[in-house]
Amino acid sequence: MQFKTTSSPYISSAGDVGSVMRQVLYALVPGTLATIWYFGWGVLIILIMAILFAVSLEAIMLKLRGRPIKPFITDYSAVLTAWLLALALPPLAPWWMVLIGVFFAIVVAKQLYGGLGYNPFNPAMIGYVVLLISFPLEMTNWLPPRMLAEHQLGFMESLGIIFSGTPTGNLTWDALTMATPLDEVKTGLSLDRTISEIRQSPLFGDFGGQGWEWVRNWFALGGFWLIYKKVIDWRIPVSLILGIVIISTPFFILNPDSYGSPAFHIFSGAVIVGAFYIATDPVSASTTPMGRWIYGAGIGILTYIIRSWGGYPDGLAFAVLLMNMAAPMIDYYTKPRVFGQRRQGP
Amino acid sequence: MELHLPNRLWHFHGGLHPEQHKGFTRDKPIRSSTLPDQLILPLQQHIGAEAEACVQVGDTVYKGQPVATASGYVSASLHAPTSGTITGIEDRPLPHPSGLSGTCIVIEPDGRDEWWPERPAPVDDYLALDPADIRQRVRDAGIVGLGGAAFPTAVKLNPPSRHQIDTLIINGAECEPYITCDDRLMRERADLVIEGVRIIRQALGIQRVLIGVEDNKPEACDAIEQCIKDKKLKDMKLLRVPTIYPTGGEKQLIKVLTGREVPSNGLPADIGVVCHNVGTAASVYRAIAHGEPMVSRIMTVTGKGVNAPCNLEVLIGTPISHLVAQAEGYTDQAERLIMGGPMMGFAMSSDEVPVIKGTNCILVARSNEVENPVQAMPCIRCGRCTSVCPANLLPQEMYWNARARDFDKIQDYNLFDCIECGCCAAVCPSHIPLVQYYRFAKTEIWALERAKDKSDHARERHEFRLERLEREKKEKAERLAKKKAALAAKKSKDGKTKDEDAKKAAIAAALERAKAKKVQAEVQPKNTDDLTEAQQRQIDEAESRRKALSEHKATPEEASEP
């Protein structure tokens, strides 16, 4: 009898790229629902829009590059990129900004570099940084969390603003939007106010901003689940947060008037989402166990440096991209000790 | 004085818990296989030099009579597994991943199964034998490691004197899924194993023995422990090791039992350890105590592709189709035929190949059990392979470099420390056939090294040839010059020929033409012709400065020249 031959191992491995990405998406759900609850329908509209744009652009690019479309669309990587980018955008960002962001993320940062697995930079962060640099004003149009909002926007109202680009009726941007906690700190400090004075504002909660910190808790919960399921390596989130703690603690102790507490830095801005969902993007991160410590800590430290002394209120996106650049070198110099390479043992 | 026997275990990095699938055969007692119509003995079924046939077609042989002799120190002889007639010494397909053919001795059994009268006499007092005597008997019996690698056992019983061996490790881990032959051997014939271990210990001149068995085989552990206890053996201990694939890898088991790491590019003997498989120990016992050379082995025939999975004691050379028949034939799910376990075995295209000394398992499986139905995706660098690699390598980096054919860089990542256990490929979410890439890279590097050796040799020959040609040319030129001189001397007497005059006139005309052209070129205006006085002055000044500078610069340089 004749048989077909293949190469070993002869074992069908569980899971595939799609299941990895899907699990990350599941983990994002609680935090995303919380974001919608606190910041309104705009979040959901932008999320859906970004996913539609991303999947369409991915399909078009795969077609142009002559690659099979189905296996690469069903890997859910484009959906994940769009989702992470959407979470970074203000809840009422105009539709064309979403499109530009997704275009740079999917087409430029991912497909032009060779598609899944070949992108040196985190696509979502490329899309976000392009928007942040090009449209700084629009990118700061954040809404207040629901308990501070004077006017709760309905679904149609949000849709209208996103597609027309301006608030309708008697609403104005000034009435609708509010600074983010990190913006508030940055502006306050530049006006020579102390952190404790700035924190008098109703915007702030226990650690970070009101509402904001609860959103972070839900995202962290999803992150813990991902670590438990071994979808992401625990080293990157832990080292990232440790990096922030290590650099922020001495400044906070020495000068609490000008520097936020470690807890404030962890619960504000992009740190929690970044630590669990963005820095852990395997393609652009370091892959060695030791390298992941350096990579995560580097992002934490750079984020703090940019926040405290740089021109932007938050710096995680830049920190991620900078460490993406360093990842191949980190990997090369942090090769683990190979079995039997140096004598060990009793 | 009793030697130190450890109570603790160490562990190695990574590893996997693949599905065991041992339930197919773990409770099936070892059965003797029936005689096939034909036995096929490849001359190469061990690591080392191919054996040399010492019989002719048409010869009648007895069971246990040598049919091929070891052709070097690292080689193993072959014996007729039963009595019969040699019907051929010819090329047959080999049980090898390449699917290539090789020389095999083909025996047609006569059914009498008669032992060779001249075989070594059984030794009752085998523990009194001299180590050299044991080694010679093991060598004559053609024993090779039964764990799979089939390295000649006699060589491993004779470690170079520079090594201080202190521990014998007996490998009964059997970590590959599906396989249960060592499990059954230990459960049913613990006595043979232990006596074999005592002989090996005697041959090595050491006392300390650690037997490693995975804790998924409690009956086997109990049987061996009971046997050690009954015989009141000292300095011998069974250790139940955690069931983690690939604990049965030699390097991994040594690490788990002793905490020592076999150095990269090194041997267990470098760290004072010699490792043998339980099956090998039993064969050593039979060879010495019963005078039976290695003519059979125990193996597992299993998987959903056979009707009655079983453990069989088979004669070396039995065709696989014959074994499948004893497992009551193929089921309709027989889609892949694998020799060895699913992690490190290899698929075969035909069941007409024979069992060889290293064959521990035949797995007949459904295709979707043993391979991924979906296509490979790009590597997303998730690092799962890194976390399971028992050699602590970076499989994803080796993969990138193998793909890029960067064979220098891939060696930076210690490609040759890869034991091809398959853990990385088994966990890869992109379903990349990683091990295949490493085998490809290793083969390419070996080929490049061979080519380099060849080209070095060729270059030397080429240089030698050039030298010779140069010498010959010189000699020829000298001869020619001599001849010419002689001719010229003769010509000067005759005067110039007419032909030479015509040539000279033509050359003169050509020179004239060239001269005219040059003059014409000089008349053409330069862009420095129409200069104002001031410009001309500037140019002159610059020229003089440059001249001065270059003279100044030239002096020290010239001075430095010899």
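Just so it is clear, the structure is predicted and the values come from calculations on it, not from any experiment.

1. Overview of unusual backbone geometry
Next, step 1: S8 of chain A connects to P9 of chain A through a cis peptide bond whose omega is 0°.
Next, step 2: Mapped onto the secondary structure, P9 of chain A falls in the segment before α1 (17-39).
Next, step 3: For the bond running from Y245 of chain B to P246 of chain B, omega is 0°, close enough to zero to count as cis.
Next, step 4: Within the chain, D113 of chain B stands out as a residue other than glycine whose phi angle is a positive 55°.
Next, step 5: One can find D113 of chain B in the loop between β8 (101-109) and α1 (131-140).
Next, step 6: A relative accessible area of 33% means that D113 of chain B is categorised as partly exposed.

2. Comments concerning the interface of chain B and chain A
Note on interface size: it is often stated as the accessible area lost on association of the parts.
Next, step 1: Opposite the 69 residues of chain B that make contact, chain A presents 48 residues.
Next, step 2: For the pair chain B and chain A, the summed buried area comes to about 4900 Å², and 56% of that belongs to carbon and sulfur atoms.
Next, step 3: Looking at the side of chain B facing chain A, the largest losses of area belong to E261, I380 and R381 of chain B, adding up to 15% of the total buried there.
Next, step 4: Seen at the junction of chain B and chain A, the total is 2 salt bridges.
Next, step 5: The salt bridge involving E261 of chain B is made with R337 of chain A; its shortest N-O contact spans 2.7 Å.
Next, step 6: In this assembly, chain B and chain A are joined by 25 residue pairs in polar contact (both at pLDDT 80 or more).
Next, step 7: Its residues placed into classes, the side of chain B that touches chain A shows 31 nonpolar, 20 polar and 18 charged.

3. A word on the state of the cysteines
Next, step 1: Under the defined criterion, the tally for this structure stands at 0 disulfides over all chains.
Next, step 2: You can see C181 of chain B has no disulfide; the closest cysteine sulfur is in C361 of chain B, sitting 7.3 Å from it.

4. A word on the pairing of strand β14 (residues 310-315) of chain B
All names here are of chain B.
Next, step 1: Counting buried residues along β14, 6 of its 6 residues qualify, which places the element largely inside the surrounding structure.
Next, step 2: Both faces of β14 are covered, namely the face carrying C310, L312 and V314 and the face carrying N311, E313 and L315.
Next, step 3: Note: strand β1 (residues 30-32) against β14, 3 bridges, orientation parallel. What sits directly across from S32, in β14, is E313.
Next, step 4: Bridge count for strand β13 (residues 296-302) against β14 is 6 bridges, and the pairing is antiparallel. For V301, the partnering residue across the bridge sits in β14 and is C310.

5. Re the confidence of the model for chain B
All names here are of chain B.
Next, step 1: With 93% of its residues at a pLDDT of at least 70, chain B reaches an overall mean of 90.
Next, step 2: Highest mean pLDDT in chain B belongs to helix α3 (residues 181-188) (97); lowest belongs to helix α16 (residues 533-560) (64).
Next, step 3: Confidence over residues 554-562 falls short of pLDDT 50; this stretch has 0 contacts with residues more than four positions distant or in other chains.
Next, step 4: Scoring the predicted complex yields pTM 0.83 and, for the interface, ipTM 0.89.

6. Description of the domain arrangement of chain A
Residue and element names in this part refer to chain A.
Next, step 1: Under the domain assignment used here, chain A contains domain 1 (15-177) and domain 2 (179-210 + 230-332).
Next, step 2: Taken together, the 24 residues of domain 1 in the interface contact 19 residues of domain 2.
Next, step 3: At the boundary of domain 1 with domain 2, total buried surface from both sides reaches about 1900 Å², with 77% on carbon and sulfur atoms.
Next, step 4: Remark: the boundary between domain 1 and domain 2 carries 0 salt bridges.
Next, step 5: For the interface between domain 1 and domain 2, the tally reads 3 residue pairs in polar contact (both at pLDDT 80 or more).
Next, step 6: Mapped by element, the contributors of at least two residues to the side of domain 1 that touches domain 2 are α1 and α6 (123-134).
Next, step 7: Here the element with the most residues in the side of domain 1 that touches domain 2 is α6; it accounts for 7 residues.
Next, step 8: Class assignment of the residues belonging to the side of domain 1 that touches domain 2 gives a composition of 19 nonpolar, 5 polar and no charged.

7. Quick notes on the sheet that holds strand β15 (residues 336-339) of chain B
Residues and elements named next belong to chain B.
Next, step 1: Read from one edge to the other, the open sheet built from 6 strands follows the order β1-β14-β13-β17-β15-β16, with strand pairing classed as mixed. Strands with a single pairing partner mark the edges of an open sheet, and in this sheet they are β1 and β16 (346-348). Shown here is a sheet whose adjacent strand axes are inclined to one another by a mean of 30°, direction ignored.
Next, step 2: In the packing of α3 onto the sheet, the strands contacted are β1, β13 and β14, and the crossing angle to β13 comes to about 125°.

Rules of the game
- Residues numbered from 1 in each chain as written.
- Chains lettered and ligands numbered in written order.
- Predicted model: local features only at pLDDT ≥ 70, side-chain atom pairs only at ≥ 80, totals over all residues.
- Heavy atoms only, no water.
- Helix = DSSP H or I, 4+ residues; strand = E, 2+ residues; numbered from the N terminus.
- Buried < 20%, exposed > 50% of the residue type's maximum accessible area, 1.4 Å probe, protein only.
- Contact = heavy atoms within 4.5 Å.
- Buried area = accessible area lost by both parts, 1.4 Å probe.
- Salt bridge = Lys/Arg side-chain N within 4 Å of Asp/Glu carboxyl O.
- Polar contact = N/O pair within 3.5 Å; in protein donor to acceptor, adjacent residues only side chain to side chain.
- Nonpolar A, V, L, I, M, F, W, Y, C, P; charged D, E, K, R; others polar.
- Disulfide = S-S within 2.5 Å.
- Pairing = 2+ DSSP bridges.
- pLDDT = per-residue confidence, 0-100.
- Domains from an automatic or database assignment.
- Axes fitted to C-alpha atoms, helices over the stretch in contact; angles between N-to-C directions.

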